[in-house]
Amino acid sequence: MEKIFQRPASLKPVPFRYCPGCGHSLIHRLIAECIDNLGIREKVVGIAPVGCAVFAYDYFNFDMLEVAHGRPPAAATGYKRVMPDRIIFSYQGDGDLAAIGTAEIIHAANRGENISVFFVNNATYGMTGGQMAPTTLLGQKTTTTPFGRNNETAGYPLRVAELLSTIEGASYIVRTSVDSYKNIIGTKKAIEKSFRYQIEGKGFSLVEILSPCPVNWKLSPIDSLTWIQTEMVSVYPLGTFKDKIKEIE
Amino acid sequence: MKGNEAIAEAAVQAGCRFYAGYPITPQNEIPEYMSWRMPEVNGVFVQAESELAAINMVYGASAAGVRAMTSSSSPGISLKQETISYLAGAELPAVIVNIQRGGPGLGNISGSQADYFQAVKGGGHGDYKLLVYAPYNLQEMWNLTMLAFDKADEYRNPVMILGDGVIGQMVEPFYPKPYVRPELPVKDWVLDGCKNREPRVIKSLYMGEGELEMRNNILQKKYKVMKDKEVSFEGYYTEDSEIIIVAFGIAARIALSSVKRLRSEGFKVGLFRPITLFPFPEKELFMLARESRRFITIEMNAGQMVEDVRLSINGISEVLFYGRPGGTIITPAEVQEKILQLFNHQPYLA
């Protein structure tokens, strides 16, 4: 009998220890499946961020580099420039990429670094216990916005995909979600395209992924998916914001 | 060739193939030189968006096993401290050049030695050490830069060249000795894809019970080996001296002029010049102190290395200090005057 579903070779045979209903394990799996499909496991180096996904190297079955908070795009730049035939991706959360690491992501994109960035937007700081992120929605209660995020004192949700799509050096900028089967498949396609662009030397790509954090949102896993659909997507619309290669073609 | 350019060319000849930096005076000759020199040797030059980004680019390139360097001056080195700590924690080799200027804050752009503490005591968070070299002329900027790359690889540790704006901008003849690569350990830790081997992880997070303490003990053992093997210094007329000046870098060079002058007038004064600031030549200073000499530390700061001199000598001899902070250059005449005060038994006024 043919085996039609199995653990990707790019994942270690260990159970995920992320919280129930968390999007990280799913996104890890999608990345691993894409790496398997493209046959690049032995050429890939992943960057683990500071945040929940710092433990990515416990799960990914390929070379991994841990980098300081917000700095993965800079480290990826250094790596890729000296190892142009390897495939490097950075996996970053919204605190990492959209707060402390805004300079690094903007300038890596602007230089058109040939790297892939997977940006997990769950509208909160998961690892540190649910504080406000730059991506937190207006009115959303977190441990540092106990009365709900107020734009007068805490600013507005930062739209990373839209922001980066204005940068000339960026090649492929897309926002997806893991709230439904359809969007999970869309996320996987976007991840695979990002890797393919890198393999073909087509430059900088970023996949922003809306992802649930049930524990810090204080919602059930199912309700978290609904919250993405009803609350997050209206602030963070899904879609391709830039595809330089497609435009040229 | 300026001192800064000597560092850049020595790095290239020692096999440095990745450089990232951010403009700051008085070290701009290094990124400018690297911007055209790196492409000539198929190396990489990146002008980073910040000091933070530059040192993290070095972190990434080093993880690939490539010899990598960044340079800056005092305020920029402060920004790099975060990732210097990560480099030490992850045991990644790198060479970091600090062409010091006056501080604190934005300070000025004159040569200074006020980053001694930052360089030798840690600088960033956590228990870690850098190997720190203090060149005092262009010859040493050349030689020590080459050595820095070898030692960084040997110990899998970041190494700092602690220069200053004066020697960085100075022009003088030196012999650019060709680089000879020593026997070095194989880099069996680099991330180059897990073909035919188990995946590797480079990290500094250790959350397991007792795991981080164990990691720290391994690092401390490494620093101990550095202390045993890497101490470097030079003594001038120290054998028969009644008074010994202790100074490093540019201050040592100024002090040496004073020492030569005073010697010609018959005063028994000598100079002790640490070349490695970490590891510090503690034992050597202690041995000199046992022969009942007096010491005076001369620094272009408000008194930093003097603390290590006092710790080394451990109270068995007097250690005085003369220094000028804020990027002010000490003159040989000033040093002479201070030394003469000591010989004439006048009350010492710093």
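Notes on the overall build of chain A
Alright, step 1. Summing up its helical and strand segments, chain A has 10 helices and 7 strands in all.
Alright, step 2. By the compact-globule yardstick of 18 Å for 249 residues, chain A fits well, its C-alpha radius of gyration being 17 Å.
Alright, step 3. Taken along its principal axes, the extent of the C-alpha atoms in chain A is 50 × 50 × 35 Å.
Alright, step 4. Counting only residues that meet the buried cut, chain A has 58% of its 249 residues in that class.
Alright, step 5. Pairs at least 24 residues apart make up 69% of the contacts formed inside chain A by residues separated by at least 6 positions.
Alright, step 6. As displayed, chain A has an accessible area near 10,100 Å², and 57% of this comes from carbon and sulfur atoms.
Alright, step 7. Positive and negative side-chain charges of chain A, numbering 26 and 24 respectively, have mean locations separated by a distance of 2 Å.

Let's talk about the overall build of chain B
Alright, step 1. Scanning chain B from terminus to terminus reveals 12 helices and 13 strands.
Alright, step 2. Compactness check: chain B gives a C-alpha radius of gyration of 21 Å against a globular reference of 20 Å for 350 residues, within 12% of the reference.
Alright, step 3. With the C-alpha coordinates aligned to their principal axes, the bounding extent of chain B is approximately 70 × 45 × 40 Å.
Alright, step 4. Looking at chain B as a whole, 60% of its 350 residues qualify as buried.
Alright, step 5. At a minimum sequence separation of 6, the contacts of chain B that also span at least 24 residues come to 78%.
Alright, step 6. With the model as given, the accessible surface of chain B reaches about 13,700 Å², and the carbon-plus-sulfur share is 53%.
Alright, step 7. Side chains of chain B give 36 positive and 40 negative charges; the mean places of these two sets differ by 2 Å.

Observations concerning the packing of aromatic side chains
Alright, step 1. Going through the model one piece at a time under the given rule, you end up with 18 aromatic pairs over all chains.
Alright, step 2. Taken together, a centroid distance of 5.8 Å and an interplanar angle of 85 degrees make the contact between F89(A) and F195(A) edge-to-face. Separated by 106 residues along the polypeptide, F89(A) in strand 3 (residues 87-93) and F195(A) in helix 7 (residues 181-199) bring together distant segments of the chain.
Alright, step 3. Judged by its relative accessible area of 0%, F89(A) falls in the buried class.
Alright, step 4. Here F195(A) falls in the buried class, since its relative accessible area comes to 0%.
Alright, step 5. Here the aromatic cluster, defined as three or more aromatic residues joined through ring pairs, consists of F60(A), F62(A), F89(A), F118(A) and F195(A).
Alright, step 6. The lysine or arginine in question, K203(B), covers the ring of Y206(B), its NZ or CZ lying 4.7 Å from the ring centre.
Alright, step 7. The aromatic ring of Y136(B) is capped on one face by R273(B), whose charged end is 3.6 Å from the ring centroid.

What to know about the sheet that holds strand 13 (residues 319-323) of chain B
All names here are of chain B.
Alright, step 1. Taken in spatial order, the 5 strands line up as 8-10-9-12-13 in an open sheet, and their pairing is mixed. Edge strands, defined here as strands with exactly one partner in the open sheet, are strand 8 (233-236) and strand 13. Looking at each pair of strands side by side, their axes are set apart by 20 degrees on average, direction ignored.
Alright, step 2. In this structure, strand 9 (residues 243-246) lies alongside strand 12 (residues 294-299), joined through 4 bridges in parallel fashion. Residue pairing for strand 12: V246 is matched across the bridge by T297.
Alright, step 3. Most of the contacts of helix 9 (residues 249-264) go to strand 10 (residues 269-274), to which it runs at about 160 degrees, and overall it touches strand 8, strand 9, strand 10 and strand 12.

Remarks on the domain arrangement of chain B
Residues and elements named next belong to chain B.
Alright, step 1. Under the domain assignment, chain B is made up of domain 1 (3-229) and domain 2 (233-343).
Alright, step 2. The gap between the C-alpha centroids of domain 1 and domain 2 is 28 Å.
Alright, step 3. On the domain 2 side, the residues contacting the 34 residues of domain 1 number 30 residues.
Alright, step 4. Of the roughly 2,500 Å² buried between domain 1 and domain 2 on both sides combined, carbon and sulfur atoms contribute 57%.
Alright, step 5. Looking at the side of domain 1 facing domain 2, the largest losses of area belong to Q113, Y116 and Y136, adding up to 32% of the total buried there.
Alright, step 6. If you look at where domain 1 meets domain 2, you find 4 salt bridges.
Alright, step 7. The salt bridge involving E282 is made with K227; its shortest N-O contact spans 3.9 Å.

Some words on the interface of chain A and chain B
Reports often express the size of an interface as the amount of accessible area lost when the parts come together.
Alright, step 1. Each side of the interface is counted separately: chain A has 32 residues, and chain B has 37 residues.
Alright, step 2. Together chain A and chain B conceal approximately 2,600 Å² of surface at their shared face, both sides included; 63% is due to carbon and sulfur atoms.
Alright, step 3. Contact with chain B buries area across many residues of chain A, yet E42(A), D63(A) and E66(A) alone supply 22% of it, more than any other trio.
Alright, step 4. Summed over the shared surface of chain A and chain B, the result is 3 salt bridges.
Alright, step 5. Note that E49(B) is salt-bridged to R111(A), the shortest N-O span being 2.9 Å.

Focus: the environment of L288(B)
Residues and elements named next belong to chain B.
Alright, step 1. When you line up the elements, L288 lands in helix 10 (residues 282-289).
Alright, step 2. The class for L288 is buried, based on a relative accessible area of 13%.
Alright, step 3. Between the C-alpha atom of L288 and that of K222, which follows or precedes it by 66 residues, the distance is 27 Å.
Alright, step 4. Those residues in contact with L288 that lie beyond four places of it in its chain are T238, I244, F272, R293 and F295.

What counts, and where the lines are drawn
- Residues numbered from 1 in each chain as written.
- Chains lettered and ligands numbered in written order.
- Predicted model: local features only at pLDDT ≥ 70, side-chain atom pairs only at ≥ 80, totals over all residues.
- Heavy atoms only, no water.
- Helix = DSSP H or I, 4+ residues; strand = E, 2+ residues; numbered from the N terminus.
- Rg over C-alpha atoms; globule rule 2.2 N^0.38 Å.
- Buried < 20%, exposed > 50% of the residue type's maximum accessible area, 1.4 Å probe, protein only.
- Contact = heavy atoms within 4.5 Å.
- Areas by Shrake-Rupley, 256 points an atom, 1.4 Å probe, with all protein chains shown as cover.
- Lys, Arg positive; Asp, Glu negative; His and termini not counted.
- Charge placed at Lys NZ, Arg CZ, Asp CG, Glu CD.
- Phe/Tyr/Trp six-rings, centres within 6.5 Å; stacked < 30°, edge-to-face > 60°.
- Lys NZ or Arg CZ within 6 Å of the ring centre and 35° of its normal.
- Pairing = 2+ DSSP bridges.
- Axes fitted to C-alpha atoms, helices over the stretch in contact; angles between N-to-C directions.
- Domains from an automatic or database assignment.
- Buried area = accessible area lost by both parts, 1.4 Å probe.
- Salt bridge = Lys/Arg side-chain N within 4 Å of Asp/Glu carboxyl O.

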